Amino acid sequence: MNRVKGIGPAAAISSTIRALRCFSMQQILRGATVTHMPQRKLFLGVGANLDDPAATLADAVGALARIPGWHVDQVSPLYRTTPVGLLDQPDFLNAALALTVELPDDPAAAALEVLVRCKALERHFGRVASVRNGPRRLDLDIIALDDLAVIQPRPRGVDLDESGDENAMVRPLVVPHPAAHERLFVLAPLADIAPGLHAPGWRGSAAQLRDARLAVEGEAAAIRIGEWDFAAARWV
């Protein structure tokens, strides 16, 4: 797979982001103007199990760091994890990222902008419609965003369903990710960079939830295979 040299979002994606960044409804009603956007703490899960997953994920980290206003603060160790749901597929490689990002003040607009950017990046790396929990070249999940709790309809055309229909009914965007607290492939790398993270709705910290899942699934379900080297921009 060719390494990414830059990001060129489609016009529709750019238009969606501009609309999300414009104003919240309350600001419009007040006639206020936005002079700056606040910085927020974002935790993302990244995963892949097709082609060269380690190279794909390293390139994805670089691509995220090149988004204007986004800074990658921490990159977790890389884990080899067993598939969930659909078992007849290659093992996944997974990691977690902590970023500082400039996003709209409105919580829903902030979460939707992250979603739109992540979905555009997935497609940029060649992700196509697939079965649920199936193999993929790149998967980007919003684990948590500040201490926000958001349930919001997704913009039309952002997701592909299993048949590839952009207009199909899709699940709402839910932040924090509704299943992150029970997925070892998320919690193992997340606990390495944010062990005390306690997202809204969680019944424990990332480290506590990881330990609980390890007790159920066993250490073989998530094996650390590499450490991030910022100078080399890859796991070694």
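Residues numbered from 1 in each chain as written. Predicted model: local features only at pLDDT ≥ 70, side-chain atom pairs only at ≥ 80, totals over all residues. Heavy atoms only, no water.

Asker: I'd like to hear about empty space enclosed by the protein, residue by residue, with values.
Answerer: Evaluated as defined, the whole model comprises two cavities of 30 Å³ or more. For the largest cavity, the calculated volume is near 60 Å³. As for the largest cavity, its lining consists of Gly-45, Val-46, Gly-47, Asn-94, Ala-95, Asp-139, Asp-141, Phe-185 and Val-186. Those elements that provide at least two residues to the lining of the largest cavity are β1 (39-48), β4 (92-102), β5 (139-145) and α5 (184-193). When residues of the lining of the largest cavity are assigned to their parent elements, the largest contribution, three residues, is made by β1. Partitioned by chemical class, the residues of the lining of the largest cavity number four nonpolar, three polar and two charged. The volume enclosed by the second largest cavity comes to roughly 40 Å³. Residue lining of the second largest cavity: Thr-81, Thr-82, Val-84, Leu-184, Phe-185, Glu-217 and Ala-221, and that is the complete set. Its residues assigned to classes, the lining of the second largest cavity shows four nonpolar, two polar and one charged. (1 Å grid on protein atoms, 1.4 Å probe; cavity = no way out; pocket = protein on both sides within 12 Å on 5 of 7 lines; lining within 4 Å. Points joined across faces, edges and corners; volume = space filled by probe spheres on them. Helix = DSSP H or I, 4+ residues; strand = E, 2+ residues; numbered from the N terminus. Nonpolar A, V, L, I, M, F, W, Y, C, P; charged D, E, K, R; others polar.)

Asker: Any chance you could break down the nonpolar core for me, citing the residues and the numbers?
Answerer: If you look at the biggest cluster of nonpolar residues, it comprises 41 residues, and the most contacted ones within it are Leu-42, Trp-70, Leu-99 and Trp-235. Listed by contribution, the elements that provide at least two residues to this core are β1, α3 (53-65), β2 (70-75), β4, α4 (107-124), β5 and β7 (173-175). The dominant element in this core, judged by the number of residues it contributes, is α4, at eight residues. If we skip the residues at most four places from it in the chain, Leu-99 touches Arg-40, Lys-41, Leu-42, Leu-44, Leu-64, Trp-70, His-71, Val-72 and Asp-73. In this structure, Phe-43, Ala-180, Val-186 and Ala-191 belong to the second largest nonpolar core, which totals 19 residues. (Core = buried A, V, L, I, M, F, W, Y, C linked by side-chain atoms within 4.5 Å. Buried < 20%, exposed > 50% of the residue type's maximum accessible area, 1.4 Å probe, protein only. Contact = heavy atoms within 4.5 Å.)

Asker: Give me the pairing of β5: which residues, what numbers.
Answerer: Here β5 lies mainly inside the structure; seven of its seven residues are buried. As paired elements, β1 and β5 share six bridges and run antiparallel to each other. Residue pairing in the sheet places Gly-45 in a bridge with Asp-141 of β5. (Pairing = 2+ DSSP bridges.)

Asker: So what's going on with the side chain of Asp-141? Residues and values would help.
Answerer: Residue position: Asp-141 is located in strand β5. Within the buried core, Asp-141 has no salt-bridge partner, and the shortest N-O distance to an opposite charge, that of Arg-183, equals 4.7 Å. The contact partners of Asp-141, leaving out residues within four places of it in the chain, are Phe-43, Leu-44, Gly-45 and His-177. (Lys, Arg positive; Asp, Glu negative; His and termini not counted. Salt bridge = Lys/Arg side-chain N within 4 Å of Asp/Glu carboxyl O.)

Asker: Quick one: what's the story with unusual backbone geometry, residue by residue and with numbers?
Answerer: Cis rather than trans, the peptide bond between Val-175 and Pro-176 has omega equal to 0 degrees. Within the fold, Pro-176 resides in the loop between β7 and α5. Backbone geometry at Asp-146 places phi at a positive 50 degrees, although glycine is not the residue there. Along the chain, the position of Asp-146 falls in the loop between β5 and β6 (150-152). One non-glycine residue with positive phi stands out, namely Ala-233, at about 60 degrees. Mapping Ala-233 onto the fold places it in the loop between β9 (228-229) and β10 (234-235). Judged by relative accessible area, Ala-233 falls into the partly exposed class, the value being 38%.

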